[in-house]
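Descriptive structure summary
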Amino acid sequence: MADITSVMTNNPCCCKQDTPLKDVAQMMIDNDCGMIPVVDDDNKPVGAVTDRDIATRIVARGKDASSAKAADAMTSPIKTVDTSTSLHDATCVMEAEKIRRVIVVDGEGKLAGVAALADLALAGKNEATAHVVKEVSEPGQR
């Protein structure tokens, strides 16, 4: 069975907790993505900022987006999988955590990639993608 590295985006752009949120949003535009991992000085993921995080935690609450940092909007802690995780196990994590993207780390816990539902779909994993979409989309708490 294939592992998560067969569908993930390698070496995704990332930011630090003190990165201006405007720059994080620009990274999303430049990289055509909806999530930017937040890493520490050792390149280990400590959180993630999604376009939804920006909308719900900053804009909807009336916070000043021009002075906000990644840490102000990020989700933390985050669930990660390592590069040896099977596609099946990765989809199980996505289902259980109700997430549409999962951050992939290497053996040292450093950022290695990001896998999204779209990656599964593009890889022709239609059945797995449909199942994950159904589970992730079910109302309820994470």
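To keep things clear, this report deals only with the structure shown in the data block.

Concerning the overall build of the chain
A tally of regular secondary structure across the chain gives six helices and six strands. Beginning at the N terminus, the succession of helices and strands in the chain can be written as β-α-β-β-α-α-β-α-β-β-α-α. The buried share of the chain, taken over its 142 residues, is 39%. Sequence separation of 24 or more characterises 58% of the internal contacts of the chain that already satisfy a separation of 6 or more. Carbon and sulfur atoms provide 47% of the accessible area of the chain, an area that totals close to 7900 Å².

Description of the sheet that holds strand β5 (residues 101-105)
Strand order in this open sheet of four strands is β1-β6-β5-β4, and the pairing throughout is mixed. Across the chains shown, the open sheet's two edge strands, defined by having one partner strand only, are β1 (9-10) and β4 (80-82). Here β4 runs beside β5; their pairing, made up of three bridges, is parallel. Its bridge partner lying in β5, Thr80 is registered against Ile103.

Concerning the pairing of β5
Of all the five residues making up β5, four are buried; the element is thus mostly covered by neighbouring parts of the structure. Handedness of the crossover joining β4 and β5 through helix α4 (residues 87-97) is recorded here as right-handed. Relative to strand β6 (residues 111-116), β5 is paired through five bridges, and the arrangement is antiparallel. Each bridged residue has a counterpart across the sheet, and for Arg101 the counterpart in β6 is Ala116. What sits between β5 and β6 in their antiparallel hairpin is a turn of five residues, with Gly109 showing a positive phi close to 80 degrees.

Calculation criteria
- Residues numbered from 1 in each chain as written.
- Predicted model: local features only at pLDDT ≥ 70, side-chain atom pairs only at ≥ 80, totals over all residues.
- Heavy atoms only, no water.
- Helix = DSSP H or I, 4+ residues; strand = E, 2+ residues; numbered from the N terminus.
- Buried < 20%, exposed > 50% of the residue type's maximum accessible area, 1.4 Å probe, protein only.
- Contact = heavy atoms within 4.5 Å.
- Areas by Shrake-Rupley, 256 points an atom, 1.4 Å probe, with all protein chains shown as cover.
- Pairing = 2+ DSSP bridges.
- Right-handed = clockwise from strand over helix to strand, strands pointing away.

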